[in-house]
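An overview of the molecular structure
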Amino acid sequence: MAGKDDDVKVLGVVVSPFAIRVRIALNIKGVSYEYVEEDIFNKSELLLTSNPVHKKVPVLIHGGKPISESLVIVQYVDEVWAAAPSVLPADPYDRAVARFWAAYIDNNMVPGMVGVLRAATEEERAAKADETLAAMAQLEKAFAEVAAKNGKPFFGGDSVGYVDLALGCNLHFLEAIRRLHGVALVDAGKTPLLAAWAERFVQVEAAKGVVPDADDAVEFARKIQARVAAAAASTAANYTDIQC
Ligand SMILES: N[C@@H](CCC(=O)N[C@@H](CS)C(=O)NCC(=O)O)C(=O)O
Ligand SMILES: *[C@@H]1O[C@H](CO)[C@@H](O)[C@H](O)[C@H]1NC(C)=O
């Protein structure tokens, strides 16, 4: 059996929010790992065999054993490298609340954000932006009720936790949307607490070198938009799309 600290590999894509979560979690824990950049338009055999169900990044391979789904991976990392700092809170109720908000981010905020990028019409884009803003308003409220009320800088308290990872990994795409479409989904006017939180998040040591430049997200978003347009114009019935 592999030791706790050896043989850790992450299959990722530099701009993938989900892969970024996992990499920051490993950095928080001080785990060294091999990072393998995937091409999601031309997936490696290792990715296809490690995550045969979804065929998506990230995959964490620990001692030869693959684990998929970013939020599942982050929990695994928190449990295997259990020494502080913790990513999830210790109290069961607080853990449940953190899981609730992480799920909310993935089920409500992320689809809106991705929808803004993939929208076929400006009308659809505006609707998706509204959907994302509604989710952001909920998250602003959640932050106000927990962290800000106690004077804490992060959802996780004094340091970055589960909800911070779930949300913070999307910031470069939110900035890409602002640059591409002029829509501010986190801004000092509408969500002042989250705007200030976002500035703190990217400064955290564990996030440095992992959170990509918004330019890279812009380039990736353009690639995805070109594919969406090509798919719309195509009559190929077997077209299967890439999700991000
Ligand atoms: N729910 C998954 C989402 C992972 C995901 O969507 N990954 C994208 C990259 S951002 C991907 O690998 N897409 C490839 C595809 O859709 O075939 C997670 O949290 O890990
Ligand atoms: C896909 O990746 C394989 C190696 O994994 C490489 O040999 C091949 O040229 C790539 N194809 C494209 C279209 O990039």
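Residues numbered from 1 in each chain as written. Chains lettered and ligands numbered in written order. Predicted model: local features only at pLDDT ≥ 70, side-chain atom pairs only at ≥ 80, totals over all residues. Heavy atoms only, no water.

Side note on the overall build of the protein
Inclusion rule: Under the DSSP-based scheme used, a helix requires at least four consecutive residues in state H or I and a strand at least two consecutive residues in state E, with every element numbered from the N terminus. The size measure is the radius of gyration over C-alpha atoms, and the globule rule it meets is 2.2 Å times the number of residues to the 0.38 power. Summary of the burial criterion: residues with accessible area below 20% of their type's maximum are buried, those above 50% are exposed, and those between are partly exposed, where the area comes from a 1.4 Å probe applied to protein chains only. Whether two residues are in contact is decided by their heavy atoms: any pair within 4.5 Å suffices. Accessible surface is estimated by sampling points in the Shrake-Rupley manner with a 1.4 Å probe; for residues, cover comes only from the protein chains shown. Counted as positive: Lys and Arg. Counted as negative: Asp and Glu, with His and the chain ends omitted from the count. Charge positions are represented by NZ for Lys, CZ for Arg, CG for Asp and CD for Glu.
If you tally the helices and strands in the protein, you get nine helices and four strands. Going from N to C terminus, the protein has its helices and strands arranged as β-α-β-α-β-β-α-α-α-α-α-α-α. At 18 Å, the protein has a C-alpha radius of gyration in line with the 18 Å of a compact globule built from 244 residues. C-alpha atoms of the protein, sized along the principal axes, occupy 50 × 45 × 30 Å. Residues counted as buried form 44% of the 244 residues belonging to the protein. Long-range contacts, defined here as pairs at least 24 residues apart, represent 68% of the contacts in the protein between residues at least 6 apart. For the protein, the accessible surface area stands at approximately 11800 Å², while carbon and sulfur atoms represent 54% of it. The distance from the centre of the 25 positive side-chain charges to the centre of the 32 negative ones in the protein is 2 Å.

Notes on the pattern of salt bridges
Stated formally: A pair is scored as a salt bridge if a Lys or Arg side-chain nitrogen falls within 4 Å of a carboxyl oxygen belonging to Asp or Glu.
In the structure shown here, the tally under the stated rule is nine salt bridges. With a closest N to O distance of 2.6 Å, Asp106 and Arg21 form a salt bridge. A residue pair is termed long-range when its members are at least 10 positions apart, and Asp106 in helix 4 (residues 92-118) and Arg21 in helix 1 (residues 17-29) qualify at 85 residues. The exposure class assigned to Arg21 is buried, which follows from its relative accessible area of 0%. Between Lys128 and Glu131 there is a salt bridge, with its nearest N and O atoms 3.3 Å apart. One end of the pair, Lys128, and the other, Glu131, are both in helix 5 (residues 122-145), three residues apart, so they sit about a helical turn from each other. The exposure class assigned to Lys128 is partly exposed, which follows from its relative accessible area of 25%. Here the salt bridges share partners, and the residues they tie into one network are Glu175, Arg178, Arg179 and Asp215.

Description of the environment of Ala214
Of note, Ala214 is situated in helix 9 (residues 214-233). The sequence separation of Ala214 and Lys152 amounts to 62 residues, and the corresponding C-alpha distance is 27 Å.

With respect to the side chain of Thr191
Of note, Thr191 is situated in the loop between helix 7 (171-181) and helix 8 (192-203). Its relative accessible area of 4% is what places Thr191 among the buried residues. Residues within four places of Thr191 in sequence aside, it is in contact with Met136, Glu140, Leu185 and Val186.

Observations regarding the pairing of strand 2 (residues 34-37)
Heads up, the condition is: At least two bridges found by DSSP between two strands are what make those strands a pair. A crossover gets the label right-handed when its path from the first strand over the helix to the second runs clockwise, viewed with the strands pointing away from the viewer.
In the sheet, strand 1 (residues 8-12) pairs with strand 2 via four bridges, with the strands oriented parallel. Bridged to Lys9 within strand 2 is Glu34. The parallel pair strand 1 and strand 2, bridged by helix 1, forms a crossover whose chirality is right-handed.

Section: the domain arrangement of the protein
How we decide: Boundaries of every domain are those given by an automatic assignment or by a domain database. Once two parts are joined, some of their accessible surface, as seen by a 1.4 Å probe, is lost; buried area is that loss totalled over both. Two N or O atoms count as a polar contact when they lie within 3.5 Å, although within protein this holds only if one can serve as hydrogen donor and the other as acceptor, and sequence-adjacent residues are included solely when both atoms are side-chain atoms. Three classes are used: nonpolar for Ala, Val, Leu, Ile, Met, Phe, Trp, Tyr, Cys and Pro, charged for Asp, Glu, Lys and Arg, and polar for all others, with Gly counted as polar.
Here the domain parsing of the protein yields domain 1 (4-80) and domain 2 (92-230). The interface is formed by 17 residues belonging to domain 1 together with 27 residues belonging to domain 2. Carbon and sulfur atoms supply 73% of the area buried between domain 1 and domain 2, which totals about 1900 Å² over both sides. Of all residues in domain 1, Val15, Arg21 and Phe41 bury the most surface against domain 2, accounting for 32% of the area lost on that side. The tally of links between domain 1 and domain 2 comes to one salt bridge. Our enumeration of links across domain 1 and domain 2 arrives at seven residue pairs in polar contact (both at pLDDT 80 or more). When contributions to the side of domain 1 that touches domain 2 are tallied by element, the ones reaching two or more residues are helix 1 and helix 3 (70-80). When residues of the side of domain 1 that touches domain 2 are assigned to their parent elements, the largest contribution, nine residues, is made by helix 1. Its residues placed into classes, the side of domain 1 that touches domain 2 shows twelve nonpolar, two polar and three charged.

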